[in-house]
Amino acid sequence: MTATLSLEPSGRCCWDEPVRIVVRGLAAGQPVTLRSSLHDEKGTIFRAHARYCADSGGELDLTRAPALGGSFVGIEPMGLLWALEPVKPFWRFLKRDVETPFVVELEVLDGHEPEGGRLLVREVHERHFLAPGVRREPVRTGRVRATLFLPPGKGSRHWPSGKFFRG
């Protein structure tokens, strides 16, 4: 049986939106390693991995299955994203251009070796920062430099009016 990797929502979603990760088609109790990676805007690679065992039905649902080790342990459905660490030491995870998504690659490897093991399945997921239709407007008034993000539509009394900061 061939393993499949299911991501919900599939393909693309906002960075702060939860993603359900499920692997199907494994053998009962099969040890696997899930690995995530992305490249930041300067090309630095960030990675995370976790070791799991499939349930008796050959399924691995990260909302129910605890990670047995790796970048984190326990039940952490989004651990493969929050645990991303740079390959280069002391590099910060920073998003400069919110109009382009991060592309996260998720891999399922046979066994409990993060750098080894046979690749069973791979999927790519885009994590964007602006909801569809949001407009980004630069603000330049005197010494004020800011960015205004406007939701789609013609406007409404329900939109937030603004935030003011001193300093």
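What counts and what doesn't
Residues numbered from 1 in each chain as written. Predicted model: local features only at pLDDT ≥ 70, side-chain atom pairs only at ≥ 80, totals over all residues. Heavy atoms only, no water. Salt bridge = Lys/Arg side-chain N within 4 Å of Asp/Glu carboxyl O. Helix = DSSP H or I, 4+ residues; strand = E, 2+ residues; numbered from the N terminus. Buried < 20%, exposed > 50% of the residue type's maximum accessible area, 1.4 Å probe, protein only.

Novice: How do you make sense of the pattern of salt bridges when you look at a structure like this?
Specialist: Inspection of every chain in the model, using the stated rule, returns eleven salt bridges. R35 is the partner of E107 in a salt bridge, and the nearest nitrogen-oxygen pair spans 2.7 Å. With E107 in strand β9 (residues 102–110) and R35 in strand β4 (residues 31–39), this pair connects stretches of sequence that are 72 residues apart. Summarising the burial analysis for this pair, E107 and R35 share the class buried. Residues E107 and R122 are paired through a salt bridge, measuring 2.8 Å at the closest nitrogen-oxygen approach.

Novice: Would you mind showing me how to read the environment of H39 here?
Specialist: The residue H39 is located in strand β4 in this model. C-alpha of H39 to C-alpha of P86: the two residues are 47 residues apart in sequence and 9.3 Å apart in space.

Novice: Is there a simple way to think about the environment of V87 in this case?
Specialist: Counting through the fold element by element, V87 comes out in the loop between β8 (85–86) and β9. By relative accessible area, which is 52% here, V87 ends up exposed.

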